[in-house]
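The chain contents come next:
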Amino acid sequence: MNTLGLIIQREYSSRVTKKTFILFTIFMPVLFLALAFVPLWLSTIKDSEIKKIVVIDHTGIYAPEFKSTDDYRFEIVGKADESANYTPRLGKDFFAILQITDDLSKKPQNVFLISEKQVPMSLLKNIEKVLSEKVTRQKLDELSASGNVDAQTIVKVRHIIESGANVSVSTLRLNKEGETFASSSMLSSIVGIAFTLLIYIFLMSYGGMVMQAVLEEKRSRIVEVLVSSVKPVNLLIGKIVGIGLVGLTQLFIWALLLGSLTMVLGILPVFSNDAATSSQLMNNSMQPVNMSEIVAMFQTINWLEIILYFIVFFIGGYVLYASIFAMIGASVDNEQDTQQFMMPITIILLFAFYAGFYSIENPDGPLAFWCSFIPFTSPVVMMVRIPFGIPAWEKILSVIILYGSFVVISIFSAKIYRVGILMYGKKPTVKEIIKWAKYK
Amino acid sequence: MYYLETKDIVKQYAEHLALNGVSIAVPQGSVFGLLGPNGAGKTTLIRIITRIIAPDSGVILVNGRPFSGQDVYRIGYLPEERGLYKKMKVGDQVMYLAQLRGMSRKNAQTELTKWFRQFNITNWYNRKVEELSKGMQQKVQFIATVIHNPELIILDEPFSGFDPLNADIIKNEILRLKNEGKTVLLSTHDMESVEELCDNIALINQSKVVLHGNVFEIRNAYRQHVLRFRLFSDDFEMENESFTVLSKEKKHEYIDVRIQKKVEMENTELIKLILNTYPVISFEEELPTMREVFVSAVTSQSIKDN
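Every value quoted in this text rests on a predicted model; they were computed, and no experiment measured them.

> Talk me through the pairing of strand E13 (residues 254-261) of chain B; I want residue IDs and the actual numbers.
Residue and element names in this part refer to chain B. Pairing analysis gives six bridges linking strand E11 (residues 226-231) to E13, with the strands arranged antiparallel. Following the sheet pairing, Arg230 is matched in E13 by Asp256. Note: strand E12 (residues 243-251) against E13, eight bridges, orientation antiparallel. Directly across from Lys251, in E13, lies its bridge partner Tyr254. Where E12 hands over to E13, the hairpin turn is made up of two residues, of which His252 adopts a positive phi near 45°.

> Could you give an account of the interface of chain B and chain A, naming the residues involved and the relevant values?
Taken residue by residue, the interface counts 27 residues in chain B and 22 residues in chain A. With both chains or domains summed, chain B and chain A bury close to 2,500 Å², and 59% of this area falls on carbon and sulfur atoms. Three residues stand out in chain B for area buried against chain A, namely Glu81(B), Tyr85(B) and Leu100(B), and they jointly supply 27% of the buried area on that side. Here chain B is connected to chain A by two salt bridges. Residues Glu224(A) and Arg47(B) are paired through a salt bridge, measuring 2.9 Å at the closest nitrogen-oxygen approach. Between the two partners, chain B and chain A, sit five residue pairs in polar contact (both at pLDDT 80 or more). Counting only elements with at least two residues in the side of chain B that touches chain A, the list comes to strand E1 (2-13) and helix H2 (90-100) of chain B. With five residues, the single largest contributor to the side of chain B that touches chain A is H2(B).

> Could you give me a rundown of the domain arrangement of chain B, with the residues and numbers involved?
Entries for chain B in the domain assignment read domain 1 (2-220) and domain 2 (224-286). Inter-centroid distance (C-alpha atoms) of domain 1 of chain B to domain 2 of chain B is 44 Å.

> Describe the sheet that holds strand E5 (residues 65-66) of chain B, and please don't skip the residues or the numbers.
Residues and elements named next belong to chain B. Spatially, four strands are ordered E2-E1-E4-E5 in an open sheet, and the strand pairing comes out antiparallel. The outermost strands of the open sheet, each flanked by one partner alone, are strand E2 (16-27) and E5. Bridge count between strand E4 (residues 57-62) and E5: two bridges; the pairing is antiparallel. The partner of Leu61 across the bridge, within E5, is Pro66. Strands E1, E2 and E4 of the sheet are contacted by helix H1 (residues 42-49), whose axis makes an angle of about 120° with E1.

> Got a sec to walk through helix H5 (residues 164-179) of chain B? Specific residues and values, please.
All names here are of chain B. Spanning 16 residues, H5 covers 22 Å between terminal C-alpha atoms, matching the ideal 22 Å at 1.5 Å per step. Considered for burial, the residues of H5 that qualify are Asn166, Ala167, Ile170, Lys171, Glu173, Ile174 and Leu177. Seen along its axis, H5 keeps its buried residues to an arc of 160°; they face one direction. In this structure, H5 carries Pro164, Leu165, Asn172 and Asn179 as exposed residues pointing more than 90 degrees from its buried face. The inward-facing, buried residues of H5 abut strand E3 (31-35), helix H3 (105-118), helix H4 (134-146), strand E7 (152-156), strand E8 (183-187) and helix H6 (191-197). The N-cap residue of H5 is Asp163: its side-chain oxygen and the backbone nitrogen of Leu165 are 3.0 Å apart. Within two residues after H5, Gly181 carries a phi angle of roughly 95°, on the positive side.

> For the packing of helix H10 (residues 303-331) of chain A against helix H11 (residues 335-359) of chain A, give the residues involved together with the corresponding values.
Residue and element names in this part refer to chain A. With their axes 10 Å apart at the nearest point, H10 and H11 run at an angle of 165° to one another. Looking at the two axes, H10 sits roughly antiparallel to H11. Handedness of the crossing formed by H10 with H11: right-handed. Across the interface between the two elements, Tyr321, Ile324, Phe325 and Ile328 from H10 touch Thr338, Phe341, Met342, Ile345, Ile348 and Leu349 from H11. For the contact of H10 with H11, the per-class residue count stands at nine nonpolar, one polar and no charged.

> Any chance you could break down the environment of Leu261(A) for me, citing the residues and the numbers?
All names here are of chain A. Assignment of secondary structure puts Leu261 in helix H7 (residues 232-267). For Leu261, a relative accessible area of 27% translates into the label partly exposed. When the C-alpha positions of Leu261 and Leu33 are compared, they lie 8.2 Å apart, and in sequence the two are 228 residues distant. Other than its neighbours up to four places away in sequence, Leu261 contacts Val30 and Leu33.

> So what's going on with the nonpolar core? Which residues, and what values?
Ranked by size, the top nonpolar core spans 155 residues in total, and within it Phe313(A), Tyr318(A), Leu4(B), Ile174(B) and Ile201(B) carry the most contacts. Ranked by residue count, the leading element in this core is H10(A), at 16 residues. Not counting residues up to four positions away in its chain, the partners in contact with Ile201(B) are Phe32(B), Gly33(B), Leu35(B), Val194(B), Leu211(B), His212(B), Gly213(B), Val215(B), Ile218(B) and Met290(B). Judged by nonpolar contacts, the second largest core, of 18 residues, contains Tyr62(A), Leu104(A), Val130(A) and Leu131(A).

Basis of the calculations
- Residues numbered from 1 in each chain as written.
- Chains lettered and ligands numbered in written order.
- Predicted model: local features only at pLDDT ≥ 70, side-chain atom pairs only at ≥ 80, totals over all residues.
- Heavy atoms only, no water.
- Pairing = 2+ DSSP bridges.
- Helix = DSSP H or I, 4+ residues; strand = E, 2+ residues; numbered from the N terminus.
- Contact = heavy atoms within 4.5 Å.
- Buried area = accessible area lost by both parts, 1.4 Å probe.
- Salt bridge = Lys/Arg side-chain N within 4 Å of Asp/Glu carboxyl O.
- Polar contact = N/O pair within 3.5 Å; in protein donor to acceptor, adjacent residues only side chain to side chain.
- Domains from an automatic or database assignment.
- Axes fitted to C-alpha atoms, helices over the stretch in contact; angles between N-to-C directions.
- Expected span 1.5 Å × (residues − 1).
- Buried < 20%, exposed > 50% of the residue type's maximum accessible area, 1.4 Å probe, protein only.
- Arc of directions from axis to C-beta.
- Parallel < 35°, antiparallel > 145°, perpendicular 65-115°, else oblique.
- Left-handed = near helix turned anticlockwise from the far one by under 90°.
- Nonpolar A, V, L, I, M, F, W, Y, C, P; charged D, E, K, R; others polar.
- Core = buried A, V, L, I, M, F, W, Y, C linked by side-chain atoms within 4.5 Å.

What follows is the structure, encoded as structure tokens:
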């Protein structure tokens, strides 16, 4: 076996056989799914206790409007009973006190909800909805009583308000054959964010791993033994490729595990049904979504294309950042000294991440557009944009720029690496490091 | 026959001339000492010989041929700044390093077993490096340096960090390698081991070779013409214009006398002269130690330069 193969093999197998790697690789998808499903599942479990809310209505207009539900029981007491009698019992006998002190159509701020604990959002929304509807009706009543408007118009207005004006836009995408098909921009966003997050985390952690590996060889002083029989550039390439393969292995295992786990969970009726119903419960304004529609939407996304580009951008971005990280690792002696050089890289990566994040709002805006050609940000930003569908030339140009710049940077990095690994002692300045590149 | 020659090696770092026309010649099957104060350029020269860095100018000849890429496999190099992967098992590590130097897996395994047996460390195979003491690690490093049966072995400060017992093991290994016809290039500050081991030396000071040649000849060249006599007598009262008495020391029934003679006087003449008057028990010429040679060569050059 040639030396490069040996180095790759050592870098690869010494990492994938580590207990921490195996544990992390196996449990991460499980943890990820648990994070996604457990809150969903928990939200479907109803609070067994019915919360009692005391309504003290000084006007007597609003109290009858409150209807008890499975979760809340409204107890109406007359205005004769002042709140003072109830406050000491708050938190023990009732959950909250709703106090209405005046006609809300004239003084809308004269309503208070007093409680000991934080009031659930759903309760607050419910109360606000009941009161708003009543106040609307009150105002309409006043209007009709004034006699300036004819009764029929009032009836129509009432009808319009009651039926509501819920507009829900279905997004459709036009494919090349001119057919439209349902797409979901929300799903595109979720997919985009997921891949952006993944690529960001991978660039950061695997780039960092390359730096650690370089630093470790330098610190343990084995590097001079190695470079006496191996060309430094081979050592560098072997390290970057070996660790990159570890990353791809992890991705592959995750994809496999996530795919099979979701399939298993999807088949289980408890999850698929609950997931559908709970999404209705959680967000009333959203149209009920059933599983078959979700599946249909999933199919509108070109997974093959996304995964292919993900791998292309992952490799490009990884080699680019790994070269820079290797350069930093070779230039310093210890962990502390890496901080100064790490800072700008971390800032660039963070910027890329935020640029990607905000590109979701506007995937074709100038920020998203330009950031998808700058090689330091393109792997992260492009992963957001691809699920939304962008012109092919943009993708190809972005890949060409990325791969072109990683060639240039890795050559420069190899020059620095070659000199840096043999330098001990004082921390070099950036000027000195650039001089190293000129050494023969 | 020289196994290794460097000719007019020049290496310039940013603002520092590390090597200024350095030429050395290392005969085949000998131990060659590379001496010099810290920062003189020894490590730079060694790194150029091992092809870790390239010289600005100058050539390196191996067996009379220009150095080629494949020649690195014929070199075993133990750097001054040396170490091992801390988390890796000792056996795997030596196997890895051996294979990096072009050995086949099978061949490396056989050699490894042989060397581990010779150093009596077979039970270390599955231990991690971080569990070993520094001296133990040095042994492993030495094995990793010579496992691929190199023709030229370069050892940069091989004795630092060794206790005397382990240092002796390494010294014996160096002499054994020499007897097998291997060429050893040794850089060290330990002047006693230079006298013990080296056939030839080069002394590098301030980026230049200031002394080069056979150890015995160099010591001879630096001799101060001091002879030590042990005489069967109570005192020594001879006076002559061709020598001066440096010291006298009475011990029991004999006396030790150190005499500095004039350069033009032959040793035999002096002995005859003394033998006429005093019964001589023994005599020997005091040769300077390598330490004295080192100090005098380095200081005289600094005086010249200033």
